Amino acid sequence: MSTITVIGAGVMASSLSFPAVENGNEMRLTGTPLDREIIDSVKENRYHPTLKRTLPEGVKAFQIEELDAALSGCDAVILGVSSFGVDWFIENALAKIPDKIPVIAVTKGVKVYDDGTIQTFPELFESKAENGKSHEFCAIGGPCRCYELADHDDTRVAFCGKNMEVLEFFKRLLERPYYHIDLTQDAAGLEIAVALKNAYALGVSLGIGLEEKQQKYMCNTQSALFGQSSYEIMKFVQYMGGNVENSIHGIGDLYVTVMGGRSKEIGKRLGAGMPYEQAMEELKGVTLESVVIARRAAKAVRILSEKNQMKKEDFPLILHIDDVLQHGSMLDIPWKKFRVNE
Ligand SMILES: NC(=O)C1=CN([C@@H]2O[C@H](COP(=O)(O)OP(=O)(O)OC[C@H]3O[C@@H](n4cnc5c(N)ncnc54)[C@H](OP(=O)(O)O)[C@@H]3O)[C@@H](O)[C@H]2O)C=CC1
Ligand SMILES: O=C(CO)COP(=O)(O)O
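Residues numbered from 1 in each chain as written. Chains lettered and ligands numbered in written order. Predicted model: local features only at pLDDT ≥ 70, side-chain atom pairs only at ≥ 80, totals over all residues. Heavy atoms only, no water.

An unreviewed UniProt entry lists the chain under the name Glycerol-3-phosphate dehydrogenase, with Anaerostipes hominis given as the organism. As recorded by UniProt, the Catalytic activity (unreviewed entry) comment attached to the chain reads in full: "sn-glycerol 3-phosphate + NADP(+) = dihydroxyacetone phosphate + NADPH + H(+)". The record held by UniProt for the chain lists under Sequence similarities (unreviewed entry) the comment "Belongs to the NAD-dependent glycerol-3-phosphate dehydrogenase family." (UniProt positions renumbered as here; feature names shortened; annotations may be inferred.)

See below:
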């Protein structure tokens, strides 16, 4: 049995308590300062109010002030914050994790610097770890809607990191008959693919919005956008020096997010013709990583293509999404620019 401390009691990390506890592990769920009500509720009767499920018996809940106790004697950490909580984690929690304890993040996203450098979150955490402390930073990618994981529906994800032994350890902690886990040392490829799927889920969902507006099926449009999204994801994976075959985890994740994620909600509204500001107002309070990652991806393409390290022609969809989000452009899907550049 191992003791796993979760930092960030969002819906995804909390749903991992099902496989973790079923495998005999102790699960300590710690909230961020924003998760107070969730933790109060779990402490009272194990009910997670946003996941809308009762967590398995044995899950222990901790408020942020109790983080030291939650981390004491733990064998592994799961980071559960969304990309909006990454800076909070680095500033407030990272240094408290005991030396050598491995960390695996569910967080999807990347950082893009002003020179175009794209940094995955495991790389970012490694660069911010206290001097003298060493952690293996790993991450989880692939299609996994938290509600379905909690309900034991089959899915297949990938764990990535530098050290295969650590990845095997995390796999032993969490693999279940319904939670299938691939392991890969291609963190750059996996992380960029699964981060980008949020941006492209917005892109594919433009077609869902068009469909709703016109009150007729528009499967062709959505599927063609799905194809172009997959192409642009693969081009990013190639740029990162990743294994293009790992794009499957991002593409699977794209499908689940278009079908049932939150990222599609913004694309749907834009596709139906709603102005960006109004759409964001309607979705206030919803975790919407798609908007941020779309901007970051487009920023990278613009800078890196100036430097001749990427080709703008490979990314017409993300550039158009960014024009709509940031530059007030009217939605006008650039179909003629979609092509396979061999
Ligand atoms: N939902 C899903 O099915 C899946 C989600 N993921 C990924 O997992 C990550 C977490 O998502 P999910 O659990 O759904 O999201 P939630 O919004 O439920 O949880 C996000 C967590 O991050 C915290 N957080 C957000 N903003 C801040 C901030 N500024 N400072 C400190 N903490 C913050 C949240 O607090 P608070 O709850 O108060 O906002 C919460 O603990 C995301 O990167 C997502 O892409 C991956 C696979 C599936
Ligand atoms: O990452 C997810 C599924 O793998 C969930 O995506 P959303 O953030 O769009 O809900």
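Now that the structure has been shown, the text picks up again.
(A) Seen up close, the site of ligand 2. The immediate surroundings of ligand 2 are formed by Lys 108, Gly 142, Cys 144, Lys 197, Asn 198, Asp 253, Val 256, Thr 257, Gly 261, Arg 262 and Ser 263. In the model, an oxygen atom of ligand 2 is placed 2.6 Å from a nitrogen or oxygen of the Lys 197 side chain. Of all elements in the fold, only α9 (187-214) and α11 (247-260) reach the threshold of two or more residues within the shell around ligand 2. For the shell around ligand 2, a count of residues per class yields two nonpolar, five polar and four charged. Both domain 1 (3-185) and domain 2 (188-337) contribute no fewer than three residues apiece to the shell around ligand 2. (Near = heavy atom within 4 Å. Polar contact = N/O pair within 3.5 Å; in protein donor to acceptor, adjacent residues only side chain to side chain. Helix = DSSP H or I, 4+ residues; strand = E, 2+ residues; numbered from the N terminus. Nonpolar A, V, L, I, M, F, W, Y, C, P; charged D, E, K, R; others polar. Domains from an automatic or database assignment.)

(B) Structural detail: the pattern of salt bridges. For the coordinates displayed, the defined rule picks out 21 salt bridges. Of the charged contacts in the structure, one is a salt bridge between Lys 43 and Glu 66, with a shortest N-O distance of 2.9 Å. With Lys 43 in helix α3 (residues 36-45) and Glu 66 in the loop between β5 (60-62) and α4 (67-71), this pair connects stretches of sequence that are 23 residues apart. The partner of Glu 265 in a salt bridge is Arg 269, with the nearest N and O atoms 3.0 Å apart. In this pair, Glu 265 and Arg 269 both sit in helix α12 (residues 263-271), four residues apart, roughly one turn of the helix. Each member of the pair, Glu 265 together with Arg 269, is buried. The network of salt bridges with common partners includes Glu 265, Lys 268, Arg 269 and Glu 282. (Salt bridge = Lys/Arg side-chain N within 4 Å of Asp/Glu carboxyl O. Buried < 20%, exposed > 50% of the residue type's maximum accessible area, 1.4 Å probe, protein only.)

(C) Spatial organisation of the sheet that holds strand β2 (residues 26-30). Taken in spatial order, the eight strands line up as β5-β2-β1-β6-β7-β10-β11-β12 in an open sheet, and their pairing is mixed. Both edges of this open sheet fall to β5 and β12 (179-184), since each of them pairs with a single strand only. For this sheet, the mean inter-axis angle between neighbouring strands, taken without regard to orientation, is 25°. As paired elements, strand β7 (residues 103-105) and strand β10 (residues 137-141) share three bridges and run parallel to each other. Counted as the bridge partner of Ile 104 is Cys 138 from β10. In this fold helix α8 (residues 164-174) packs onto β1 (3-7), β6 (76-79), β7, β10, β11 (155-160) and β12, with an angle of close to 175° to the strand it touches most, β12. (Pairing = 2+ DSSP bridges. Axes fitted to C-alpha atoms, helices over the stretch in contact; angles between N-to-C directions. Contact = heavy atoms within 4.5 Å.)

(D) View of the site of ligand 1. As a matter of local geometry, ligand 1 sits amid 24 residues, with Asp 35, Cys 144, Cys 146, Thr 287 and Glu 289 nearest to it. At 3.3 Å from an oxygen atom of ligand 1 is found a main-chain nitrogen or oxygen belonging to Val 106. Thr 287 is positioned with one of its side-chain polar atoms (N or O) 2.6 Å from an oxygen atom of ligand 1. When isolated, ligand 1 has an accessible area of 870 Å², and the protein chains bury 82% of it. For the shell around ligand 1, the two domains that each supply at least three residues are domain 1 (3-185) and domain 2 (188-337). (Areas by Shrake-Rupley, 256 points an atom, 1.4 Å probe, with all protein chains shown as cover.)

(E) Broad picture of the environment of Ser 82. Note that Ser 82 resides in the loop between β6 and α5 (86-92). In this structure, the C-alpha to C-alpha distance between Ser 82 and Gly 8, residues 74 residues apart in sequence, is 8.4 Å. Beyond its immediate sequence surroundings of up to four residues, Ser 82 is in contact with Thr 107, Thr 287 and Glu 289.

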